Amino acid sequence: MNTFKPSLVVLFLLFALLANSCKTGAPVNDGADTMAEKMVARMTLDEKIGQMSQLFDGYFGDYEQFKQAIREGRFGSLLNYLGADKVNEAQRIAVEESRLGIPLLIGRDVIHGYRTIFPIPLGMAASWNPEAVKAAFRIAAAEASTQGINWAFAPMIDITWDPRWGRIAEGCGEDPYLASTLAYAMVEGLQGDSLTDPASVAACAKHYAGYGFAEAGRDYNTTYIAEPVLRNVVLKPFKAAKDAGALTFMSGFNELNGIPVSADQFILKQILRDEWGFEGLVISDWASVPQIVDQGYAVDEKDAAAKAINAGLDMEMATTTYFDNIKTLLDEKKITMEQIDNAVKNILRVKYKLGLFENPYVDPEAEKKILDPSFLEHARMVARQSTVMLKNDSNTLPLFADKISSVAVIGPLADSPRDQMGTWSFDGLPENSVTPLEAIRDMIGDRKVNYVQGLKYSRDRTKDQFSAAMAAADRSDAILLFIGEEWILSGEGQSRGNIDLPGAQSELLTALAATGKPLVVIIMAGRPLAIGDELKESDALLYAWHGGTMAGPALADLIFGKESPSGKLPVTFVKGEGQIPFYYYRKNTGRPASDRTWTPIDEIPVENPQSSLGYESFHLDYGYTPLLPFGYGLSYTTFTYSDLTLSDDEMSITGSITVKATVTNGGEWDADEIVQLYIRDRVGSITRPIKELKGYRRITIPKGETAEVEFTLAAADLAFFNGRETLTEPGEFDLWVGPNSDEGLHAEFIVR
Ligand code: NOJ
């Protein structure tokens, strides 16, 4: 008989192949399905319901009750339960003392860093640097995992067009392409090359879907999104997260077109499972299942649980609608055991893929890595690259430390360690923040810094420090004014109707401008504020978002010219709330506005007759342009674009072309430029936006040098959903390569 005996070489090759595919994260038949299948066959209904429940730290007031609940398999996951020893003990009870030994998922909001806090995600998006963002999320995972966390509720990838919405801070801005590239990088960073690496955690793409379209930018509000916008815009980053291998998704709080997304079969089933083939776990948002009742889509919590389960929502966060109702719903045949089994399998597979069945414990010594100097250095680099220079008249910046005798450092954000961390930084510690004041003192010497806070906090309206601030300005060579928003003015539940600078900050700015000293304004905020007047009054303006732990040193690096600013806006800046929504890929309309027709409100003659001549799409007061376009950002150097060439001005419907352009750094600084590629599909079966980002590159160009930038544009990249199908349509296209969404070299091509 010829029995196959694998030789050592074959075994070695097999091992090498497996090890390698784990490393690259390539899908392997890892046994998760078999394990889940077998496990579910052994589970009681109570154990299955337990797996579908996530409870929060503190749910059980009593520790003995808590331990008993783990033994009984009462819940499959915990959130906000932290600390290596605590979690290890909980895992030990789950694995050793519960009947089936199923380990726990431990979830936490690790949104832009754990202890080393990076810029808010909107800030990171301004870096247009997926590699750096990926490394930031890798660090976040490395730090968080030391506390027993194996599941981060990130990335938050809700596209929004509304800066009033407080959660704009947590996402990647307005553009589906930029957000998709970053979403991919964030998932890769969290999950690492190998999911079983102790420093990897499961990612959770949230809030699926449409949450960022809350009406009036008021958090938790209703959303109406037409399917082409849903598919061409909102879902893009989620698809990217799925493609990057995100193990989990979180459904949002919102209702979408009349259906709460936590119960939406179209969103959760048809798109996510059937079209995209997602096999991971979907968790609700905090209490979003019982809220289906408040939304008016279910008569009671039992009905809400049935609707969520029927839509394919696997795990409920924080509330007990599933726990309380699943048995009755099965008895009443409102749900099936097959649905329950599928949900449990989705959950078990995630636990298996994370390697928790093999080893659910974390090394208590690992936490020594937290705040590693290399992590802080990376946070400083990302904060630098996230800062966008919006104005620099007469080369006000950089300041040269050896040439100035002193600077006035003023403003409520100059030395506010908590505020600079921004929203969702539960685990960051203010004492680890290095503020701009500290960093500037460190860089140029205490003696050269005249500090006056000016206002105690961003909303402060008392002006009793104004004269001291002006006196400090008078005796200094330049003013560095740090203003913006406190951290608590953005993030969940923190929407604003008015997006001006709060408090008396603008008045402080005006008072300081009146001193005639060079005025450098640094805005640290959780959203793009309406800063038209402040932009006019300042000589230079850096938009620094909430830059995290290392915001201070990063800003000092830029202010004193250690590096040139290089960030670009990931959102359009509006002139005022009345312009919202205003995004660069808007439609042309049948009456696009131009200077020819816009008459500013104060110039309209009294009793001007009505006439449809010259009636175009603008606001009488704001005009028809935003304050600043998407993609905008200045540098200490000057970049010139030339020689745009296309490998062909025709492309087949299945083909691609190569686009090349030359960028020259004609200034005195080595610097990074973010080169952007936009297209316009002139005519479509549904109308197309006036511009769409299709590629970008962050490149470093030494002073005086020239770089050639190359993009491949495939016809498939031009596909869009037209209400019926997703396709690339033949026709004429415009193409631009340039420094922002408003400027660039232009070419044309045809798709046949
Ligand atoms: C509610 C938020 O919407 C969500 O983003 C977060 O992950 C959960 N709470 C858990 O804290």
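Residues numbered from 1 in each chain as written. Predicted model: local features only at pLDDT ≥ 70, side-chain atom pairs only at ≥ 80, totals over all residues. Heavy atoms only, no water.

A. The domain arrangement of the chain, seen in detail. Taken domain by domain, the chain holds domain 1 (8–40 + 107–354), domain 2 (387–559), domain 3 (593–623) and domain 4 (639–751). On a C-alpha basis, the centres of domain 1 and domain 2 stand 36 Å from each other. Between domain 1 and domain 2, the contact holds 28 residues from the first and 30 residues from the second. Counting the surface lost from both domain 1 and domain 2, the interface buries some 2200 Å², and carbon and sulfur atoms represent 57% of this. (Domains from an automatic or database assignment. Contact = heavy atoms within 4.5 Å. Buried area = accessible area lost by both parts, 1.4 Å probe.)

B. Main features of the site of the ligand. What surrounds the ligand is the set Leu79, Asp109, Phe153, Arg167, Lys206, His207, Met250, Phe253, Asp285, Trp286, Met317 and Glu492. Between the ligand and His207 there is a distance of 2.6 Å, counted from an oxygen atom to a side-chain nitrogen or oxygen. Classifying every residue of the shell around the ligand gives six nonpolar, one polar and five charged. (Near = heavy atom within 4 Å. Polar contact = N/O pair within 3.5 Å; in protein donor to acceptor, adjacent residues only side chain to side chain. Nonpolar A, V, L, I, M, F, W, Y, C, P; charged D, E, K, R; others polar.)

C. How the structure looks around the packing of helix H17 (residues 436–444) against helix H21 (residues 551–559). For the pair H17 and H21, interaxial distance at closest approach is 7 Å and the crossing angle is 50 degrees. One way to sum up the angle between H17 and H21 is to call them oblique. Along this stretch, H17 crosses H21, giving a crossing that reads as right-handed. Contacts between H17 and H21 involve Pro436, Ala439, Ile440 and Met443 on the former and, on the latter, Gly552, Pro553, Leu555, Ala556 and Asp557. Of the residues in the contact of H17 with H21, the class split is seven nonpolar, one polar and one charged. (Axes fitted to C-alpha atoms, helices over the stretch in contact; angles between N-to-C directions. Helix = DSSP H or I, 4+ residues; strand = E, 2+ residues; numbered from the N terminus. Parallel < 35°, antiparallel > 145°, perpendicular 65-115°, else oblique. Left-handed = near helix turned anticlockwise from the far one by under 90°.)

D. Representation of the nonpolar core. With 118 residues, the main nonpolar core has Met52, Trp151, Tyr208, Phe249, Tyr322, Ile326 and Leu348 as its most contacted residues. Each of domain 1 (8–40 + 107–354) and domain 4 (639–751) contributes no fewer than three residues to this core. If we skip the residues at most four places from it in the chain, Phe249 touches Cys204, Ala205, Tyr208, Phe238, Lys242, Leu272, Trp276, Phe278, Leu281, Val282 and Ile283. Within the second largest apolar cluster, 44 residues are counted, among which are Ile120, Ala169, Val571 and Leu628. (Core = buried A, V, L, I, M, F, W, Y, C linked by side-chain atoms within 4.5 Å. Buried < 20%, exposed > 50% of the residue type's maximum accessible area, 1.4 Å probe, protein only.)

E. Local environment of H17. Turning to H17, its buried residues are Pro436, Leu437, Ala439, Ile440 and Ile444. Axial view of H17: buried residues confined to an arc of 165 degrees, hence all on one face. Directly after H17, the chain includes Gly445, whose backbone phi takes a positive value near 95 degrees. (Arc of directions from axis to C-beta.)

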